[in-house]
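# Notes for the structure review
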Amino acid sequence: MSWKSRALSPRSILPALAVLLVLVAGAAAHANKPVPFGDRVAAKGAADTSADPTASLDAAALDLRVGPGLEAYHRATGEHAWSYQREGATALHLSMAGENAVVVWDDGLVTSVRPGDQQVRWHRAVPGLADWLRGAGEPGADKRTEEQRKQLATERAAASLRTVRESTPWVAVVTPELTMGFRDADGDLRYNSKPAGNCVYDPERTVATDFAVLVPRTCTNSTGQQVSGGISGYRLDSSGWQLNAGPGVEMKALDGRRVLISDGPIVTPKVFDTWAAAPEAACGSPAEPFAAVRPVGSCGDDGARPQ
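Residues numbered from 1 in each chain as written. Predicted model: local features only at pLDDT ≥ 70, side-chain atom pairs only at ≥ 80, totals over all residues. Heavy atoms only, no water.

Glancing now at the sheet that holds strand β1 (residues 39-43). If you trace the 4 strands from one edge of the open sheet to the other, you get β1-β4-β3-β2, paired in antiparallel fashion. The open sheet terminates on both sides in strands that have one partner only, identified here as β1 and β2 (62-66). Averaged over all pairs of adjacent strands, the angle between strand axes in this sheet comes to 15°, irrespective of strand direction. In this sheet, strand β4 (residues 80-86) lies alongside strand β3 (residues 70-74) in antiparallel orientation, the contact comprising 4 bridges. For Tyr-73, the partnering residue across the bridge sits in β4 and is His-80. (Pairing = 2+ DSSP bridges. Helix = DSSP H or I, 4+ residues; strand = E, 2+ residues; numbered from the N terminus. Axes fitted to C-alpha atoms, helices over the stretch in contact; angles between N-to-C directions.)

Shown next as structure tokens:
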């Protein structure tokens, strides 16, 4: 059995060279691939080679702040621990959902971060949120100073983000034209709802408890006059509910499950139990002994009556 060696001709070298060039170009493109959503997570002191960006920290021992990204500081010493920033975006507001930090950004993105190991867990874009944060197209928007625009965006970000701390923490994001609910465990979209007719949601008057989010609606008739709106209630473990309410209804969380609803000078304030999804019986009412939701404490106790 004999072996014959054969020198490669220039024509036979070309295919191999082309494959090599493709592989090199692919590797270079992968190396320069942009980080998704512009995420940048850095441990304390980039110049400190001993800093491990993947090291786990005690989340309870961290003080979290926003601006320009999500910044973590050691509570005991005030020392900077780590930073999470997004290229081209500014963090406006954060709220805790269980052990995780949920952040609203000025480009309309919402992210969830696990503070202990600095892991960015999910990203969700909310349609229309960025425009509402900026006040785009509103009367007088072009006359606002840069400082006023920043203040408006910060206030609206705080109003839009509501976290619910029940056994399965979740996140509600409310804008005038849309409200969305995300399960914090994985960012799964659980509901999205647009107000019907000539109505808009009111993020500033929205209230969250440990079990639900209550979102009031403002409605107008064909002449632009305000008419009775309502309140939409959302939970992840049920289909939600609707409450009738006037255009000026105000709500206040009394504790982790009860909300005081005040609907003008004529209608008596009532307490709504978001765990039972039912109104609490009023002290002294004929229905009190038979009510599904009895007042907290005894009716002789002032704490059981709406204030």
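The subject of this paragraph is the packing of aromatic side chains. Considering all chains together, one arrives at 5 aromatic pairs under this definition. Between Tyr-84 and Trp-105 the ring centres are 5.4 Å apart and the planes differ by 75°, which places this aromatic pair in the edge-to-face class. Here Tyr-84, found in strand β4, pairs with Trp-105, found in strand β6 (residues 100-105); they are 21 residues apart in sequence, far enough to count as distant. Taking relative accessible area as the criterion, Trp-105 reaches 0% and is therefore assigned buried. (Phe/Tyr/Trp six-rings, centres within 6.5 Å; stacked < 30°, edge-to-face > 60°. Buried < 20%, exposed > 50% of the residue type's maximum accessible area, 1.4 Å probe, protein only.)

Right, let's get into helix α3 (residues 146-160). In this model α3 runs 21 Å from its N-terminal to its C-terminal C-alpha over 15 residues, within 8% of the 21 Å that 1.5 Å per residue would give. Within α3 the residues assigned to the buried category are Leu-152, Ala-153, Arg-156, Ala-157, Ala-159 and Ser-160. Down the axis of α3, the sector holding all buried residues measures 160°, keeping them to one side. Against β5 (91-97), β6, α2 (129-134), β9 (161-164) and β10 (170-175) lie the buried residues of α3. (Expected span 1.5 Å × (residues − 1). Arc of directions from axis to C-beta. Contact = heavy atoms within 4.5 Å.)

In this structure, Ser-83 sits in strand β4. A relative accessible area of 9% places Ser-83 in the buried class. A polar contact is formed between the side chain of Ser-83 and the side chain of Glu-71, at a distance of 3.0 Å. Not counting residues within four places of it along the chain, the set of residues in contact with Ser-83 comprises Arg-40, Val-41, Ala-42, Leu-70 and Glu-71. (Polar contact = N/O pair within 3.5 Å; in protein donor to acceptor, adjacent residues only side chain to side chain.)

Within the largest apolar cluster, 18 residues are counted, with the highest numbers of intra-cluster contacts made by Val-104, Val-110, Val-126, Leu-129, Leu-133, Val-171 and Val-173. Those elements that place two or more of their residues in this core are β5, β6, α2, α3, β10 and β11 (178-183). Other than its neighbours up to four places away in sequence, Val-171 contacts Ala-97, Val-102, Trp-122, Leu-161, Arg-162, Thr-163, Met-180, Gly-181, Phe-182 and Asp-184. Judged by nonpolar contacts, the second largest core, of 14 residues, contains Leu-70, Leu-94, Ala-101 and Val-113. (Core = buried A, V, L, I, M, F, W, Y, C linked by side-chain atoms within 4.5 Å.)

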